[in-house]
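# An overview of the molecular structure
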Amino acid sequence: MRKFLYLLILTILGFIVVVICNYKTPKTISLLPRLSPAECHIVKHTMGETCVPNQPQRIVTLSLSTLGNVLALGVKPIGTTNEYYREENFLRTSYKTDEIKLVGLERPNLEAILLLKPDLIIGVDWFQSIYPQLSKIAPTVLGEMEYSNWKKHLTFVAEALGKQEVEKALWNRYNRRIEQLKLALGTHYQDKKISFIYINGKQISIDVKNSFVGSIMNDANLPRPTSQNIESPYGAENISLEELEKADGDVLFVATFASGGKQFLEKKQQNPLWQKLKAVQKNHVYNVNITSWSATHMIATDAVIDDLFKYLVNIP
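Our subject in this report is the structure included herewith. All of these numbers come straight from a predicted model, not from anything done at the bench.

### Considering the overall build of the protein chain
Assigned secondary structure in the protein chain consists of 13 helices and twelve strands. Going through the 316 residues of the protein chain one by one, you find that 48% of them count as buried. Expressed as a percentage of contacts within the protein chain between residues at least 6 apart in sequence, the contacts between residues at least 24 apart total 65%. Roughly 17200 Å² of accessible area belongs to the protein chain as shown, and the carbon and sulfur atoms make up 53% of that amount.

### A short note on unusual backbone geometry
Positive phi outside glycine occurs at Asn-283, with the angle close to 60 degrees. Mapped onto the elements of the fold, Asn-283 is located in the loop between helix H11 (278–281) and strand S12 (285–287). Phi angles above zero are rare outside glycine, and Thr-296 is one such case at about 60 degrees. In this structure, Thr-296 sits in the loop between helix H12 (290–293) and helix H13 (298–312). Look at Thr-296 and you get buried, because its relative accessible area is 5%.

### So, H13
Here H13 spans 21 Å end to end across 15 residues, near enough to the 21 Å set by a 1.5 Å rise per residue. Along H13, eleven of the 15 residues are buried, which leaves the element largely enclosed by surrounding structure. By the burial criterion, the buried members of H13 are Met-298, Ile-299, Ala-300, Thr-301, Ala-303, Val-304, Ile-305, Asp-307, Leu-308, Tyr-311 and Leu-312.

### Considerations on the state of the cysteines
Enumeration according to the criterion identifies one disulfide in this entry. Across a sulfur-sulfur distance of 1.9 Å, Cys-40 and Cys-51 are joined as a disulfide pair. The S-S bond linking Cys-40 to Cys-51 shows a torsion near 90 degrees; that makes this disulfide right-handed. With Cys-40 in strand S1 (residues 40–45) and Cys-51 in strand S2 (residues 48–53), the pair connects residues that are eleven residues apart, well separated along the chain. The class for Cys-51 is partly exposed, based on a relative accessible area of 27%.

### Focus on the nonpolar core
Formed by 75 residues in total, the largest nonpolar core has its most connected members in Ile-122 and Phe-253. Look past the residues within four positions of Phe-253 in its chain and what remains in contact with it is Ile-194, Ser-195, Phe-196, Ile-197, Met-217, Tyr-286, Val-288, Trp-293, Leu-308, Tyr-311 and Leu-312. With 16 residues, the next largest nonpolar core counts Ile-199, Ile-206, Leu-265 and Ala-279 among its residues.

### So, the sheet that holds strand S4 (residues 79–80)
Sheet strands associate in pairs through backbone hydrogen bonding, adopting either a parallel or an antiparallel arrangement. Pairing within the open sheet is parallel, and its five strands lie in the order S5-S4-S3-S6-S7. Strands with a single pairing partner mark the edges of an open sheet, and in this sheet they are strand S5 (101–102) and strand S7 (140–143). Where S4 lies against S5, two bridges are found, and the strand directions are parallel. Across the sheet, residue Thr-80 finds its bridge partner in S5, namely Leu-102.

### Let's talk about the side chain of Thr-66
Counting through the fold element by element, Thr-66 comes out in helix H2 (residues 64–72). Thr-66 gets classed as buried once you look at its relative accessible area, which sits at 0%. Here His-153 takes part through its side chain, which lies 2.9 Å from a polar atom of the side chain of Thr-66. The contacts of Thr-66, once residues within four sequence positions are left out, are Thr-61, Ile-122, Gly-123, Val-124, His-153 and Val-157.

### Focus: the sheet that holds S12
Here we have five strands laid out as an open sheet, ordered S10-S9-S8-S11-S12, and mixed in their pairing. Each edge of the open sheet is held by one strand with a lone partner, namely strand S10 (236–239) and S12. Strand-to-strand twist across the sheet, computed as the mean angle between neighbouring axes with direction ignored, equals 30 degrees. For strand S8 (residues 194–200) and strand S11 (residues 251–256), the ladder comprises six bridges, and the chain directions are parallel. For Phe-196, the partnering residue across the bridge sits in S11 and is Phe-253. Its contacts with the sheet put helix H8 (residues 212–219) on S8, strand S9 (203–207) and S11, and the angle it makes with S8 is roughly 170 degrees.

Calculation rules
- Residues numbered from 1 in each chain as written.
- Predicted model: local features only at pLDDT ≥ 70, side-chain atom pairs only at ≥ 80, totals over all residues.
- Heavy atoms only, no water.
- Helix = DSSP H or I, 4+ residues; strand = E, 2+ residues; numbered from the N terminus.
- Buried < 20%, exposed > 50% of the residue type's maximum accessible area, 1.4 Å probe, protein only.
- Contact = heavy atoms within 4.5 Å.
- Areas by Shrake-Rupley, 256 points an atom, 1.4 Å probe, with all protein chains shown as cover.
- Expected span 1.5 Å × (residues − 1).
- Disulfide = S-S within 2.5 Å.
- Core = buried A, V, L, I, M, F, W, Y, C linked by side-chain atoms within 4.5 Å.
- Pairing = 2+ DSSP bridges.
- Polar contact = N/O pair within 3.5 Å; in protein donor to acceptor, adjacent residues only side chain to side chain.
- Axes fitted to C-alpha atoms, helices over the stretch in contact; angles between N-to-C directions.

Below you can see the structure in the form of structure tokens.
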């Protein structure tokens, strides 16, 4: 009898421990849709291979670059992250991006994404560390993203969405606009230099040739200053005020982040080193939108090319 009571007590205690553990540890609920092979297609990405829906209806994008490319391909996501949320984003007016649920700034908010019940998550390889959690919410694909391969990311997004024909039309349009720009510019800038800098807080950066804008200028055969005719891992190089001559050119485009950039620029414009710049003396300094000139997606190419037409064609 004593042995029986001992075993009974152990059994009861074991049951209580199991109940308590199950109560304190929430179970992971998978929202992955059950797709047949005919309903999805395989997409290779940085984390392996994933079968994504052929006709996704509830897409979440995990970068401004991905968002712009998805919109360019004719699809409107239900949620997105946005690194430049506090900036004057040129997508708001044309694409009504305010209607898209914000699910994080630089880092995705997993709870917010879960509540949207997406059927596809598309992003960039910056978020590899949270891929296991994302892939439990919905089929998730993360493409490579560097400033020098922004064109490759559009191809990746088009493959994920099954929009390869739309992508082809987008490239045809881009190449046509570049040729129109080159024709309008003629040989006017053959012996001149086009500079682009951006200011974030109290830091001045020069844009180089393997950046987003650098690639567009290269496609349009626009010469860059020697200091900007280089490649950098991040598509830009920081410079000090004493190195401001590296920002000089016959034409200078300037973009500023809202968080202190404009005030910092206004202060530096009073500095004699700024006043000595050739572009400043010729009154060829033009302010452009940071969210288009550093966006790395297809929609932004139109905005940049529009600015190049606006400020460079028929310039005195």
